[in-house]
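# Examining the three-dimensional arrangement
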Amino acid sequence: MVPEAEVQDVLAELQRLRARVPLLSGALAASTDGLVLAHDTPGVEAEGVAALTAAALGVAIRMADATGRGGFRELLVRGETGYIATYAAGSSAVLTLLAEDRINVGRLHLEGRRAGTRIGELVDTALERAAQPAPPPHAPEQRPAQPGPLPHRT
């Protein structure tokens, strides 16, 4: 799992994103298997959105693969009253944005891709650090034996 310090950095990135793009109504970072990492989604159940994102991500990955379009980058859904956009965020996370219908979709993509890259770097770095084995406990430091007094002739 991602350490708390990185979760706070991810949350700060989500909040900065929402401040930069006023027509965003929510932002959520989740693992690719649907677990919430951080969210700023007032009035929306983050756990449900993360689970649905994972399901949609699975279909999107299979569709991109089946059509020879390469690895997953993003998914955009347009509903009657707004957009749901999901962006790759490194190797093990995704960023899902909820936006009002009046949003400039080009700006949504620009900001979503940038934020996805930053969040991916935070999460991947944290996971790499967590996967590294802990250093072995240090043996007590052994000091070289102190030489005794030098013999001298009498």
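Residues numbered from 1 in each chain as written. Predicted model: local features only at pLDDT ≥ 70, side-chain atom pairs only at ≥ 80, totals over all residues. Heavy atoms only, no water.

### Let's talk about the pattern of salt bridges
Within the structure shown, the criterion is met by 10 salt bridges. Between Arg113 and Glu74 there is a salt bridge, with the nearest N and O atoms lying 2.8 Å from each other. In this pair, Arg113 sits in helix α3 (residues 105-131) while Glu74 sits in strand β3 (residues 74-79), placing the two residues 39 residues apart along the sequence. The class for Arg113 is partly exposed, based on a relative accessible area of 43%. A salt bridge links Glu111 to Arg107, with the nearest nitrogen and oxygen atoms 3.5 Å apart. Of the two residues, Glu111 and Arg107 both sit in helix α3, 4 residues apart, roughly one turn of that helix. Overall, the relative accessible area of 35% leaves Arg107 in the partly exposed class. Among the charged side chains, a network of salt bridges with common partners joins Glu13, Arg16, Arg20, Arg107, Glu111 and Arg118. (Salt bridge = Lys/Arg side-chain N within 4 Å of Asp/Glu carboxyl O. Helix = DSSP H or I, 4+ residues; strand = E, 2+ residues; numbered from the N terminus. Buried < 20%, exposed > 50% of the residue type's maximum accessible area, 1.4 Å probe, protein only.)

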